[in-house]
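Structure assessment
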Amino acid sequence: MPPAIEITALRKSFGDHEVLKGIDLAVQKGEVIAIVGKSGSGKSTLLRCINGLESFQSGRIVVDGDQTVESDPTALRNLRQHVGMIFQSFNLFPHLTAGRNIMLAPRLVKKKGPELAAEQAHALLTRVGLADKFDAMPHQLSGGQQQRVAIARALAMEPAILLCDEITSALDPELVGEVLRVVESLAVDGMTLLMVTHEMAFARRVSNRLIFMHQGRVHESGPSEELFTSPKTVELRQFLGMVN
Amino acid sequence: MIDFTVWDIVRNLLDAAQWTIALSIVAFLGGGTVGFALLIGRLVGGRSGAALIGGYVQLFQGTPLLMQLFLAYFGLAMFGIDTSAWLAAALALTLYTSAFLTEIWRGCIAAVPRGQWEAAQSLALSFSEQLRYVILPQAIEVATPPTVGFLVQVIKGTALASVIGFIELTKAGTMITNATYQPFLVYGFVALFYFAMCFPLSVCARILERKLHAARH
Ligand SMILES: Nc1ncnc2c1ncn2[C@@H]1O[C@H](COP(=O)(O)OP(=O)(O)OP(=O)(O)O)[C@@H](O)[C@H]1O
Ligand SMILES: [Mg+2]
């Protein structure tokens, strides 16, 4: 079975500031990976390279066996059907109802008929616990609800991989749980997840593997439980708050 | 001196006002179409395309409309195109309008948060789908009040077409004044007619603006 994502020697700079300094990473299907690291260590940039939101200078990313990340629009469009992304700021389309937010891409990209797409949207909203919100406009929803609609929207494209970039960071603390529960259920269902998170307890409980990024490199990585209990590098130890 | 009743004056001005309206509509539709094409050009044309169109905008915003009319009128003739005042006025006003509208609309598109583009991209929408289903619906809402507001500028701008001999409201006013020697009365009516065309649009723009603010808060 080919890996879900295979990244080789990935380098990315903004101007002359090198942000990713040679990343090698293979993600197996069904793996749940938590990416942690200090602000500015390149976590978001890495995720954004994987679905082509950011171009990179050198290296190679292969997704789902055969989709290479490159700048050709058609290739990108194909790639993005395999990779879903959820953002910190939800980014729901404010002029569309929750249901239509979910239906838009399947209708346009997958050419799904209106009934099928609506049926799917209803099912997905039920899955994220928002069965009665099909006709709600985004501004009528709480942050946690909006983020759950965003998850449903990404799932509607039936991606092989889901990228999550600090998806609870913009939420009030009491709304974090409802979103994390949805993500956890996806993990249990076998979705390949790559998530940048500051929720350490959640990362420890849900992820199989932890990746610690430091200054544009994968500084340490391994089974989550192992790394959380006995981090090898000083930097990760410091990051986890285990001084000495 | 021919005897002009007030009704004669009004009737003649009404006739001419139709040309003001016609020229405004042509300028607005033509300018809107060209302006939209320029907008797309700016979005997809890369750095050089954006610079080129930016220059076009600066050119039309940085010169008097009167000069643009003169240049269109005499310029077309120079290229051996048989110009009527109507054609020259329509051309100049179309270009003028396109420059302003494309700039207004560019600002409205820029006002849509980047995250909206990125969300649409990550859902595998093509560029035109991103624009049509995600960005434009949001931008149009913001763009409507200033666009309607600019239509007022276009209507008032058509008055300048009188200097190249196009017979619209202002030119008709001048001609009637020359025949009646009642400038205050005639230009009073002329002003009134412009006001009757522009005021409802201004009100409309203000209502739209207020609605937009209400929707945002
Ligand atoms: N569009 C950009 N242009 C220039 N520099 C950028 C851009 N995006 C990110 N950077 C820089 O790249 C570096 C890595 O940014 P990135 O957002 O990947 O970090 P991060 O690990 O996600 O941090 P955080 O935890 O704060 O989200 C930072 O120094 C940032 O300033
Ligand atoms: Mg980040």
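The following paragraphs examine the structure supplied in this document. (Residues numbered from 1 in each chain as written. Chains lettered and ligands numbered in written order. Predicted model: local features only at pLDDT ≥ 70, side-chain atom pairs only at ≥ 80, totals over all residues. Heavy atoms only, no water.)

1. Some words on the overall build of chain A
Quick note on the threshold: For helices the rule is a DSSP run of H or I covering at least 4 residues; for strands it is a run of E covering at least 2, with both sets numbered from the N terminus onward. A radius of gyration in this sense is built from C-alpha atoms; the matching globule rule multiplies 2.2 Å by the number of residues raised to 0.38. Throughout this description, buried means an accessible area under 20% of the type-specific maximum (1.4 Å probe, protein chains only), exposed means over 50%, and partly exposed covers the range between.
Each helix and strand in chain A was counted, giving nine helices and 10 strands. Against the compact-globule benchmark of 18 Å for 244 residues, chain A has a radius of gyration of 18 Å, which places it among compact chains. C-alpha atoms of chain A, sized along the principal axes, occupy 55 × 40 × 35 Å. In chain A, which comprises 244 residues, the proportion classed as buried is 57%.

2. Things to note about helix H2 (residues 73-80) of chain A
Test applied: What the arc measures is the spread of directions leading from the helix axis to the C-beta atoms. By definition in these notes, contact holds between two residues if any of their heavy atoms fall within 4.5 Å.
When H2(A) is considered as a whole, its buried residues turn out to be Ala75(A), Leu76(A), Leu79(A) and Arg80(A). Buried residues along H2(A) cover an arc of 130° about the axis, so they all sit on one side. Residues of H2(A) that are exposed and point more than 90 degrees away from the buried face comprise Pro73(A) and Thr74(A). Those residues of H2(A) hidden inside the fold are in contact with helix H1 (43-50), strand E4 (58-63), strand E5 (67-68) and strand E6 (83-86) of chain A together with helix H5 (114-122) of chain B.

3. Description of the site of ligand 1
Residue and element names in this part refer to chain A. Basically, it comes down to this: Distances are taken per atom, and a residue is near a molecule or strand as soon as one of its heavy atoms is within 4 Å of it. Between N or O atoms, a polar contact is any pair within 3.5 Å; within protein, one atom must be a potential hydrogen donor and the other a potential acceptor, and residues adjacent in sequence are included only when both atoms are from side chains. What sets the accessible areas is the Shrake-Rupley method with a 1.4 Å probe; for residues, cover comes only from the shown protein chains. Amino acid classes used here: Ala, Val, Leu, Ile, Met, Phe, Trp, Tyr, Cys and Pro are nonpolar; Asp, Glu, Lys and Arg are charged; the rest, including Gly, are polar.
Taken together, the neighbourhood of ligand 1 is formed by Phe-14, His-17, Val-19, Lys-38, Ser-39, Gly-40, Ser-41, Gly-42, Lys-43, Ser-44, Thr-45 and Glu-166. Gly-42 is positioned such that a nitrogen or oxygen atom in its backbone is 3.0 Å from an oxygen atom of ligand 1. Take Lys-43: an N or O atom from its side chain is 2.8 Å from an oxygen atom of ligand 1. Surface burial for ligand 1 is 61%, taken as the share of its 630 Å² of free accessible area covered by protein chains. Looking at the shell around ligand 1, the elements that each hand over two or more residues are strand E2 (17-27) and H1. At three residues, H1 tops the list of elements feeding residues into the shell around ligand 1. Split into classes, the residues belonging to the shell around ligand 1 amount to two nonpolar, seven polar and three charged.

4. Regarding the pairing of strand E9 (residues 209-214) of chain A
Residues and elements named next belong to chain A. To keep things clear, this is the line we draw: Between any two strands, at least two bridges found by DSSP are needed for them to pair.
Burial of E9 is extensive: six of the six residues sit out of reach of the surface. With five bridges connecting them, strand E3 (residues 32-37) and E9 associate as parallel partners. Note on E9: the bridge partner recorded for Val-36 is Phe-212. Of the pairings in the sheet, the one linking E9 to strand E10 (residues 217-223) comprises six bridges and is antiparallel in character. Its bridge partner being in E10, Arg-209 is matched across the sheet by Pro-223. Turn length for the E9-E10 hairpin, with the two strands adjacent in sequence and antiparallel, is two residues, and the turn residue Gln-215 shows positive phi of about 50°.

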